[in-house]
There are 4 protein chains.
Amino acid sequence: MATNTIKIAYIGGGSQGWARRLMYDLALEPRLSGTIALYDINLNAAKTNQRIGTLISNHPDATGKWTYEAIPTIEEALKDADFVIISILPGTFADMAMDVHFPEKYGIYQSVGDTVGPGGIRRAVRSIPMFMEIGEQIKLHCPDAWVINYTNPMSVCTRTLYKAFPQIKAIGCCHEVFETQHLLANMAEEMLGVTVENRKDIKVSVTGINHFTWINEASYQNIDLFPLYARFAEKYVHTGFEKEQGKWEESVFHSSNRVKFDLFRKYRLIAAAGDRHLAEFMPPVYLKNPQTVNDWKFHLTTVDFRVKDQQRKIAENEEVFTDDTKIVLEPSGEEGVEILLALLGIEDLVTNVNFPNKGQIQNLPNEAIVETNALIRKNSVQPVRTNDIPLDVANMVNRHILNQEAVIQAVLTKDKNLARNAFVNDPLIAAISYEDAVSLFEEMDVWQQDQ
Amino acid sequence: MATNTIKIAYIGGGSQGWARRLMYDLALEPRLSGTIALYDINLNAAKTNQRIGTLISNHPDATGKWTYEAIPTIEEALKDADFVIISILPGTFADMAMDVHFPEKYGIYQSVGDTVGPGGIRRAVRSIPMFMEIGEQIKLHCPDAWVINYTNPMSVCTRTLYKAFPQIKAIGCCHEVFETQHLLANMAEEMLGVTVENRKDIKVSVTGINHFTWINEASYQNIDLFPLYARFAEKYVHTGFEKEQGKWEESVFHSSNRVKFDLFRKYRLIAAAGDRHLAEFMPPVYLKNPQTVNDWKFHLTTVDFRVKDQQRKIAENEEVFTDDTKIVLEPSGEEGVEILLALLGIEDLVTNVNFPNKGQIQNLPNEAIVETNALIRKNSVQPVRTNDIPLDVANMVNRHILNQEAVIQAVLTKDKNLARNAFVNDPLIAAISYEDAVSLFEEMDVWQQDQ
Amino acid sequence: MATNTIKIAYIGGGSQGWARRLMYDLALEPRLSGTIALYDINLNAAKTNQRIGTLISNHPDATGKWTYEAIPTIEEALKDADFVIISILPGTFADMAMDVHFPEKYGIYQSVGDTVGPGGIRRAVRSIPMFMEIGEQIKLHCPDAWVINYTNPMSVCTRTLYKAFPQIKAIGCCHEVFETQHLLANMAEEMLGVTVENRKDIKVSVTGINHFTWINEASYQNIDLFPLYARFAEKYVHTGFEKEQGKWEESVFHSSNRVKFDLFRKYRLIAAAGDRHLAEFMPPVYLKNPQTVNDWKFHLTTVDFRVKDQQRKIAENEEVFTDDTKIVLEPSGEEGVEILLALLGIEDLVTNVNFPNKGQIQNLPNEAIVETNALIRKNSVQPVRTNDIPLDVANMVNRHILNQEAVIQAVLTKDKNLARNAFVNDPLIAAISYEDAVSLFEEMDVWQQDQ
Amino acid sequence: MATNTIKIAYIGGGSQGWARRLMYDLALEPRLSGTIALYDINLNAAKTNQRIGTLISNHPDATGKWTYEAIPTIEEALKDADFVIISILPGTFADMAMDVHFPEKYGIYQSVGDTVGPGGIRRAVRSIPMFMEIGEQIKLHCPDAWVINYTNPMSVCTRTLYKAFPQIKAIGCCHEVFETQHLLANMAEEMLGVTVENRKDIKVSVTGINHFTWINEASYQNIDLFPLYARFAEKYVHTGFEKEQGKWEESVFHSSNRVKFDLFRKYRLIAAAGDRHLAEFMPPVYLKNPQTVNDWKFHLTTVDFRVKDQQRKIAENEEVFTDDTKIVLEPSGEEGVEILLALLGIEDLVTNVNFPNKGQIQNLPNEAIVETNALIRKNSVQPVRTNDIPLDVANMVNRHILNQEAVIQAVLTKDKNLARNAFVNDPLIAAISYEDAVSLFEEMDVWQQDQ
Ligand SMILES: [Mg+2]
Ligand SMILES: [Mg+2]
Ligand SMILES: [Mg+2]
Ligand SMILES: [Mg+2]
């Protein structure tokens, strides 16, 4: 495949966060160029992205040159694409408010509400038909394309693509593990007095599922980081640890890592996602109520905040349109472009991806979307095996895998009863009474299909 | 193997319930005879059983003649046995009181307390070393014997035998499914106006694990019982159903089947154990508090009751020793003797047994002790495959399987932390706060190994 | 399902052997009645069967009454059938002559030529499209019907039905194991002086694949038949054994069982098919040339013989049409009607069937059509697990399984190269040079698809 | 683990080839140093290696400094080793002559005779007890050591280590795939006019078993090498291809790659071992007789040649001992030292290794020793998944896997009959008559255990 006539179909991106990051990284990579077909159900959002992308590509520092085009139909956008990137927002802010905040009525607090818990399940029910549609379109218009999904709930959405089109070449990507590598690098610096040049010098073996991901091997050069992390977690479990202590209070996305340290002390694996994600997979230990969340030094992400954040991004766009010198090209820290390079055969990559379980984790169900390392090479993603997950962690992970599988099956077979059974079995929901859980299911209209 | 010189080693039996039932059934089976070596850690209990067994065998109506001998050591009892029957009471009534009642302090009510929940796990921790010892002794003294376990927690104890001696030929037996067949027979009579001659005319396909067992196919002659049960459960879910309505109030072991009907409405499989067992595997839907239990029309079995029940049995023995005309030979309704007949090649048997999963339930973990039908023939127990368990039920069952596996691994590797993680993950325990669960774990001394 | 309004679709049956047997057995079973829709690509053959069936059903001794109707289209024949029986002859006698005799040019002798070997593979290539078509029609017209296939190559044809319609409820049936039970019964009579009342009193555990089937457990009452068979095979391996010694010379279908005895001495399992089938799965040990076959005391079945046999059957029909007193109702020894009774819930049956491997043989590939015991009950066929096949036998069986799977994949994906690779890997063919094998493949026109 | 106090136990090495290569590579690696404990059943051979190793380490160009010590007992050599390297010669040249040449009496020609075929199986029977012993010693004296095996039959020897000590951390290494990468590099240069800097720039996905290894993905930069190889194989299948055409005639270890090209045309995968190894896994297509071998342009390696080769190496040693300026440090092209670096955390490595199948090849048996890529990192070897092997190749590979497994089981359970069944099922042996095969088995004394 030529590396200068690449076609990428970008599905979604109206919310701009992920799209912009990719645009920057592409502009900074001289070995690739081609066309980005931007498709969003909101054509204007795609057009905005076209304008931004074009500005970025035209930036004097841009060494990678791309043509951005807003495309009105998904069919046309996908047609003969070499790569498909999916980053949609399933539903409206009103939907999200229902997902995240309504359960508070029953005492269920969610720090993100997009993966598991009542919000995650409701969002899943809504996303599954969208991803069935996208999968079927890919089958028709670009069956050989590599598909990178960034949309949450990651495991559910990616699994649905494989349900729609079993031969699809799709992976799910998420940066939460990278953050944990940064934490381990900071730990090494703090505890060993060394300087870690690069996040990637922290070698990790990844296991579990997205946002409930675990590291079961970690090293820096010839140093096993597990004994070190044991001491580190012990030292900081009460105060938390950040590179700049106390910074977690400044941003809803940050935390003091106390949840991670506590999980290590209990389960002896390094939980590898933000505390706000991890907390949602557990019974309400960390999410009992807002005070508990504050005590554990992380945040509930409100939808209000998200609305404002979106407005801020739009304002930034306007600024840029007025004055394109505001654009400063900087690497995003994401790996999307490295993945493209690897899939094109330019540079091998070993990184963590979400991919169907083909035996890489022998004690989790086959075909479930699990997160492990993979070796990415020309036109090839091959998962790297990881050791069996310890029984206690396996049990918690498996519960979410089967719950998510049940939700997918429920939507595909129109079996509301099955969806409800999965819902009441979620650990956050199981903490309220069965009767309340069923009421919540109905009041939130989790099913969303009867209308 | 000759059928008139059989040696059965009976391990345990001090509590006499199961031992006596077997003695009656053996006395009523003319095709078998031989010797029963009775071993109990309480030699006097074994001697009492020797006296009772001898009286029963000498009964004029007894057509099967057996020699009963109390044996002081397990080695001698097992030596060259053809069959081993295990029915021990792991621990004292004081242990049982701790298992069952102490958790009430934290609002956890248990209807039996011997399988899962805080009591079941504590009992498991105590039983595992005993079954390791028994398994190792069997390996040494009668490796070719067939082993029938009646002890709870059934899955844990049977799994431990296989851990101790992987070539062991062991099955676990329990009569809960038979009771469900009786219920289905009563249903057929009530709903169809037919007369079901024999429990075994109700054909069932069994799946799941002991006491959290499910029927996924049921028929009577050419009638599929599932649509019928759907109507039946709907009709009686509020009032309950018994052959003699209201009888559940007379005995702590009885129930009105309301839990079973409710489970059917939710999960669309026929739960196949007593309500008091089923309730313990679920979050505290049915066991919220004593009033809830009463509303669902079943009982909490107190240890006080068990103490009295034991005294009653002892008194009965005394009566029989004084006046052996009190002995009335009647079939027990258990299948132990039918299993012996099948294993000896005299009569094939298809029945439900607890056995390592060798693929009979493809979506539960391999080697876990699961309960399914098996074909029993001369020196052969072969599980019959059953369809995949639906995802919602599979998720609940699997949680207990992995929890039990974790408890076994914890005890065998002396990993108290793992035991605690399994404990807090039990559905009844997960309903209280994490902190309370950990306190309960310590206060109950679940670990019992630090002493 | 009512048992007196059953609809059976009979596909094929032009050759009459299997059809007639079923008609007799149905006539002798008072508990069932209904309609048989007879479909054959040769409508006249179906009409002949209609006449015969009607005569048999009208026979004064017939207690089971059936309406036979020749139906011109498969769609109409299948429409709403409760059961489908497939017994087709894939191809003409000319095809069969090519299958069986052409390879003799290269020194390959086949005793049947319909399962494996050059003839079996060529027949498979021809049958696969037919069974795809039948499977697809069943999906459309009677998706809930139980399908019983009698057509060879059994494993290939049945597997193809599952490829066409994965939810199909299909089994494959064959009487070869019954013959082996008869042999074991004769052995017991000869060696033990007992009288075995019924073939079914010989209990066997079956494993392997059709016509290369093995018994790994066998008992009669409380007697393990394996040590006995070891002595028996040793005694008769040179002379052969038949109930009436020397009878094998009278019929091409009979043998002296020498091959079976030899296989036992080598592999220590009881091969459970006729010698003429077994020999074809092995390298040319028993099929080196016609003299070897004669020495091993079995036969090459010629197509000439089959043509004459067919003419004989037609003549018999004519006789019967002229004089219906010639009809004598006798049980056929087949189990088709017992299977119907079991599937209707009237009487449980444990017997050997060909069924997708769902774990019943853990060391053979999943989903391959294997032959094991199954428990058949109302609307339910559930395989009974059998122990792992010993490595040496597993290796031979697996080679044929993968070869057959390759042939199916070759035909479905139109990959002639893959078909050729499977062909040259057949044990009978691998004994000639690679170059000769490829010539044979072309000269026989194994592929048959280029025309 | 410190990288300057490493202890390596070297078991075997008397034959010096592999030992010397490692010594050179270690001398050229400045980041490692420590001690090499040399153990050989011939202590003098170990002492010779001590002398050579010391000379090499003292060489002025040597940047990696190692202490070499001949150790008289394996226990002492293994004691607390960090790494164990096994490179033994199982048996004498007389044994080897029997392995390789005796079968010629029956028309079986072997090009190597150390992996499969009559020679490979006889060598396996002899090696298994040795590797059981080594595995048990490792368990006792250095259970945490990483073990690298270079001994053939590779799969059998490595599998036996895991049988002896299931927790062993062992891999098997072989350079045959590297040679294939060189061939692909040469192809790229020839066909594309590019210059490939480094063998490792040829990216390959490896599958199969050692010496019957296959490449199912191959690329150079962004070029898929499969279509290229198809043209290349077509072009050179008759003449062969070498970098220097005709060179194969100079060395018994070289070939013209005609076998590899022919296998590609038949099986559409790139066979990734020397032609002389590959030929032995097939029926006698390429090994019909010496003339055929010559026509296919590879060689039969005679034992005479090996004896002389050994003498030459000894003479070289003497020369070096007399005049150490004869030592010229050059990298060997092997990867042993790179593997040490990776296992020590110094540099990640993705390469092909022989390792138990933990799902990396889903359609080959679990736990069989298969050859695939692996990611090697600090104290971690994790196989990389590869796609299912096509059915035709899988069938051939699987036959050898099960045969080798049978041989191991035969030796461990002292079951000569099973060994014979595996022997007669080898493709080279199956080409002669069954009777001859059995005679060969006895005349070669394959079993070697009755003495
Ligand atoms: Mg994420
Ligand atoms: Mg019970
Ligand atoms: Mg047949
Ligand atoms: Mg090698």
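With an unreviewed UniProt entry as reference, chain A is termed Alpha-glucosidase/alpha-galactosidase, source organism Niallia taxi. In UniProt, chain A has this text filed under Sequence similarities (unreviewed entry): "Belongs to the glycosyl hydrolase 4 family."

Right, let's get into the packing of aromatic side chains. One pass over the structure, following the stated rule, counts 60 aromatic pairs over all chains. Three or more aromatic residues joined by ring pairs make a cluster, and in this case those are Phe226(A), Tyr229(A), Phe232(A), Tyr236(A), Phe241(A), Phe261(A) and Phe264(A). The ring of Phe178(C) carries Arg199(C) above its face, with NZ or CZ at 3.9 Å from the centroid.

Attention shifts here to the state of the cysteines. For the coordinates displayed, the defined rule picks out 0 disulfides over all chains. A disulfide-free cysteine, Cys157(A) has its sulfur positioned 13 Å from the sulfur of Cys174(A), the nearest such atom. Here Cys142(C) is not cross-linked by a disulfide; its sulfur's nearest cysteine counterpart is in Cys173(C), at 17 Å.

All names here are of chain A. UniProt's entry tags Asn152 with the feature "binding site: substrate" (unreviewed entry), counted in the numbering of this structure. The residue Asn152 is located in the loop between strand S5 (146-149) and helix H6 (154-164) in this model. Classification of Asn152 as buried rests on a relative accessible area of 15%. Those residues in contact with Asn152 that lie beyond four places of it in its chain are Pro90, Asp114, Arg123, Ser127, Cys157, Asn210 and His211. There is a polar contact of 2.9 Å between the side chain of Asn152 and the side chain of Asp114.

Below, the discussion takes up the domain arrangement of chain A. All names here are of chain A. Taken domain by domain, chain A holds domain 1 (6-173 + 328-337), domain 2 (176-292) and domain 3 (392-443). The straight-line distance from the C-alpha centre of domain 1 to that of domain 3 is 26 Å. With 23 residues of domain 1 at the contact, the number on the domain 3 side is 17 residues. Here domain 1 and domain 3 share an interface that buries about 1,800 Å² over both sides, 75% of which is from carbon and sulfur atoms. When the buried surface of domain 1 facing domain 3 is broken down by residue, Tyr106, Ile108 and Ile121 rank first, second and third, together holding 34% of it. At the boundary of domain 1 with domain 3, the tally comes to 3 salt bridges. A salt bridge links Glu405 to Arg159; its shortest N-O distance comes to 2.7 Å. At the surface where domain 1 touches domain 3, the tally comes to 4 residue pairs in polar contact (both at pLDDT 80 or more). For the side of domain 1 that touches domain 3, the secondary-structure elements that each account for two or more residues are helix H5 (117-141) and H6. The greatest single-element share of the side of domain 1 that touches domain 3, amounting to 8 residues, is contributed by H5. Looking at the side of domain 1 that touches domain 3 residue by residue, the classes come out as 15 nonpolar, 5 polar and 3 charged.

This part is about the interface of chain D and chain A. Interfaces are often sized by the amount of accessible area the parts lose when they come together. Facing the 30 residues of chain D at the interface are 30 residues of chain A. Summing the contributions of chain D and of chain A, the shared interface buries around 2,400 Å²; its carbon and sulfur component is 45%. The three residues of chain D that bury the most area against chain A are Asn222(D), Gln382(D) and Arg385(D), which together make up 25% of that side's buried surface. Across the chain D-chain A interface, the total number found is 16 residue pairs in polar contact (both at pLDDT 80 or more). Partitioning the side of chain D that touches chain A into residue classes produces 9 nonpolar, 13 polar and 8 charged.

Time to look at the coordination of the magnesium ion (ligand 2). A four-donor tetrahedral metal ideally has 109.5 degree angles, and a six-donor octahedral metal ideally has angles of 90 or 180 degrees. Residue and element names in this part refer to chain B. Those protein atoms acting as donors to the magnesium ion (ligand 2) are Cys174 (SG) and His211 (NE2), and they sit at 2.2 to 2.6 Å. Here His211 lies in the loop between strand S7 (202-209) and strand S8 (212-220) and Cys174 lies in the loop between strand S6 (169-172) and helix H7 (176-192), a separation of 37 residues in the sequence. Per residue, the accessibility class of Cys174 equals that of His211, and both read buried.

This brings us to the relation of the copies chain B and chain A. The transformation that overlays chain B on chain A combines an axial shift of 0.0 Å with a rotation of 180°, and the residual RMSD is 0.0 Å. Taken together, the rotation and translation describe the operation of a two-fold axis. Scanning chain B for the C-alpha nearest the rotation axis identifies Ala431(B), at a separation of 2.8 Å. A symmetric contact is evident, with 100% of the interface residues of chain B recurring at the interface of chain A.

A few words now on the UniProt feature "site: Increases basicity of active site Tyr" (unreviewed entry) in chain A. Residue and element names in this part refer to chain A. This chain's UniProt record puts "site: Increases basicity of active site Tyr" (unreviewed entry) on Asp114. Counting through the fold element by element, Asp114 comes out in the loop between helix H4 (93-101) and H5. With near-sequence residues (within four places) excluded, Asp114 lies in contact with Gly120, Arg123, Asn152, Pro153, His277 and Glu280. Of note is the side chain of Asp114, whose polar atom sits 2.7 Å from the side chain of Thr115.

Take the relation of the copies chain D and chain A next. Taken as rigid bodies, chain D and chain A are interconverted by a rotation of 180° and an axial shift of 0.0 Å, the fit giving an RMSD of 0.0 Å. Comparing interface residues between copies, 100% of those in chain D also sit at the interface in chain A, which points to an isologous, same-surface contact.

Taken together, the contact pairs 25 residues of chain B with 25 residues of chain A. Carbon and sulfur atoms supply 50% of the area that chain B and chain A bury against each other, a total of about 2,400 Å² over both sides. When the buried area of chain B at its contact with chain A is split by residue, Leu391(B), Asn395(B) and Tyr434(B) rank highest and sum to 26% of it. At the junction of chain B and chain A, the tally comes to 4 salt bridges. Glu435(A) is the salt-bridge partner of Lys288(B), the closest N and O atoms lying 3.4 Å from each other. Counting the contacts that link chain B with chain A gives 14 residue pairs in polar contact (both at pLDDT 80 or more). Put simply, the parts of the chain that give the side of chain B that touches chain A at least two residues each are helix H9 (258-267), helix H14 (391-412), helix H15 (416-424) and helix H16 (434-443) of chain B. For the side of chain B that touches chain A, the element with the most residues is H14(B), which contributes 11 residues. In the side of chain B that touches chain A, the residues fall into 8 nonpolar, 8 polar and 9 charged.

Rules behind the numbers
Per chain, residue numbering runs from 1 following the sequence as it is written. Working convention: letters from A go to chains and numbers from 1 go to ligands, in the order in which they are written. In keeping with the model being predicted, local features are shown solely for residues with a pLDDT of at least 70 and side-chain atom pairs are shown and tallied solely at 80 or more, while totals for entire chains, interfaces and linings include all residues. Side-chain numbers here rest on the full set of heavy atoms in the structure, without hydrogens or water. UniProt positions are given in the numbering used here, feature names are shortened, and annotations may be inferred rather than shown by experiment. Aromatic pairs are defined between Phe, Tyr and Trp rings, using the six-membered ring for Trp, whenever the two ring centres lie within 6.5 Å; interplanar angles under 30 degrees are classed as stacked, those over 60 as edge-to-face, and all others as tilted. Placement of a charge over a ring requires the Lys NZ or Arg CZ to be within 6 Å of the ring centre, with the centre-to-atom vector within 35 degrees of the ring normal. Here, the term disulfide refers to a pair of cysteine sulfur atoms separated by no more than 2.5 Å. Numbering of helices and strands runs from the N terminus; a helix is a DSSP stretch of H or I covering at least four residues, while a strand is a stretch of E covering at least two. For the exposure calls, accessible area comes from a 1.4 Å probe over protein chains only, and a residue counts as buried if that area is under 20% of its type's maximum, exposed if over 50%, partly exposed in between. Any pair of residues with heavy atoms lying within 4.5 Å of one another is described as a contacting pair. Nitrogen and oxygen atoms within 3.5 Å of one another constitute a polar contact, given that in protein one can donate a hydrogen and the other can accept it, and given that sequence-neighbouring residues count only through two side-chain atoms. The domain boundaries here were taken from an automatic or database domain assignment. Note: buried area is the sum, over both parts, of the accessible area (probe 1.4 Å) each one loses when the two are combined. In the sections that follow, a salt bridge refers to a side-chain nitrogen of Lys or Arg positioned within 4 Å of a carboxyl oxygen of Asp or Glu. The classification used treats Ala, Val, Leu, Ile, Met, Phe, Trp, Tyr, Cys and Pro as nonpolar, Asp, Glu, Lys and Arg as charged, and all other residues, Gly among them, as polar. Ligating atoms shown are N, O and S within 2.8 Å of the metal, or 3.2 Å for Na, K and Ca, and water is not included, meaning a site may look less than complete. Least squares is used to superpose the copies, and the fit set is the C-alpha atoms of residues whose pLDDT is at least 70 in both copies.

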